[in-house]
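Next come the chains, spelled out residue by residue.
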Amino acid sequence: MAQLEVKIVNKSEHPLPAYATSGASGMDLKASITENIVLQTLERTLVPTGLFIELPEGYEAQIRPRSGLAVKQGLTCLNTPGTIDADYRGEIKVILINLSNEPQTIQNGDRIAQMVIQKVEIINWTPVEQLSETVRAAGGFGHTGKS
Ligand SMILES: O=c1ccn([C@H]2C[C@H](O)[C@@H](COP(=O)(O)OP(=O)(O)OP(=O)(O)O)O2)c(=O)[nH]1
Ligand SMILES: [Mg+2]
């Protein structure tokens, strides 16, 4: 399979993010910090990764939570999925929040989130007076029931 080339500047002391298995969607991102971060219950913070990327136009990176961190420590990404725009040249940072009942500590090198690269469609609007009819029509938000 042809693979996309993506420029990256790595200012962290950690190796480049990598796919853990051949079928993985995401690459884990590590905290690049000089001091531990302690998050109290419901506290949030911006965790630096030391990574800067240049995505080709038509692509984005999504920053998603790791399920292990979520289930074991109640740590998740507040803005999930975080969006890294193709034209962003700043440091990739992860907005973590502690949804557990105890303080949670983040150490340098901890795998705090995962990054998925995806294609995005850029669209043009076609303004119209009416949309096509469907069975669902305007039903939503539980409209089809529970089971
Ligand atoms: O989890 C995230 C989300 C965003 N970003 C960076 C990359 C992204 O391209 C930029 C802007 O993100 P977003 O569009 O989500 O934030 P905004 O509040 O709309 O800010 P802006 O007005 O700068 O677009 O911030 C991150 O590093 N991590
Ligand atoms: Mg924005």
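Residues numbered from 1 in each chain as written. Chains lettered and ligands numbered in written order. Predicted model: local features only at pLDDT ≥ 70, side-chain atom pairs only at ≥ 80, totals over all residues. Heavy atoms only, no water.

Asks: Teacher, can you tell me more about the UniProt feature "domain: dUTPase-like" (unreviewed entry) in the protein here?
Replies: In this numbering, the UniProt entry assigns the feature "domain: dUTPase-like" (unreviewed entry) to residues 14-145. Counting secondary structure, residues 14-145 comes out at 5% helix and 35% strand; the distance between its end C-alpha atoms is 48 Å. (UniProt positions renumbered as here; feature names shortened; annotations may be inferred. Helix = DSSP H or I, 4+ residues; strand = E, 2+ residues; numbered from the N terminus.)

Asks: I would appreciate a short explanation of the site of ligand 1 in the present structure.
Replies: Neighbouring ligand 1 are the residues Asn79, Gly82, Thr83, Ile84, Asp85, Tyr88, Glu91, Ile92 and Lys93. Here Asn79 contributes a side-chain N or O atom positioned 3.0 Å from an oxygen atom of ligand 1. Burial of ligand 1 by the surrounding chains reaches 49%, relative to a free accessible area of 560 Å². In terms of residues, the shell around ligand 1 owes the most to one element, strand S8 (residues 82-84), which gives 3 residues. Of the residues in the shell around ligand 1, the class split is 3 nonpolar, 3 polar and 3 charged. (Near = heavy atom within 4 Å. Polar contact = N/O pair within 3.5 Å; in protein donor to acceptor, adjacent residues only side chain to side chain. Areas by Shrake-Rupley, 256 points an atom, 1.4 Å probe, with all protein chains shown as cover. Nonpolar A, V, L, I, M, F, W, Y, C, P; charged D, E, K, R; others polar.)

Asks: What should I look at first to understand the packing of aromatic side chains in this one?
Replies: Each aromatic ring pair is described using two quantities: the centre-to-centre distance and the angle formed by the ring planes. A complete count under the given rule lists 0 aromatic pairs for this structure. Here the basic side chain of Lys11 rests over the ring of Phe52, its NZ or CZ set 4.6 Å away from the ring centre. (Phe/Tyr/Trp six-rings, centres within 6.5 Å; stacked < 30°, edge-to-face > 60°. Lys NZ or Arg CZ within 6 Å of the ring centre and 35° of its normal.)

Asks: Looking at this model, I keep getting lost on the side chain of Gln62. Mind explaining?
Replies: With respect to the helices and strands, Gln62 occurs in strand S6 (residues 59-64). Assessed through its relative accessible area of 12%, Gln62 is described here as buried. Reaching out from Gln62, the side chain makes a polar contact with the side chain of Gln118 at a distance of 3.3 Å. Not counting residues up to four positions away in its chain, the partners in contact with Gln62 are Pro81, Gly82, Gln114, Met115, Val116 and Gln118. (Buried < 20%, exposed > 50% of the residue type's maximum accessible area, 1.4 Å probe, protein only. Contact = heavy atoms within 4.5 Å.)

Asks: For this particular structure, what's the right way to read the nonpolar core?
Replies: Inside soluble globular proteins, nonpolar side chains tend to come together where they are buried. Ile63, Val94, Leu96, Ile106 and Met115 are the most contacted members of the largest nonpolar core, which has 24 residues in total. The element that contributes the greatest number of residues to this core is strand S11 (residues 111-119), accounting for 3 residues. Leaving out residues up to four positions away in the same chain, Val94 has contacts with Leu29, Thr45, Leu46, Val47, Thr49, Ile63, Cys77, Ile112 and Ala113. (Core = buried A, V, L, I, M, F, W, Y, C linked by side-chain atoms within 4.5 Å.)

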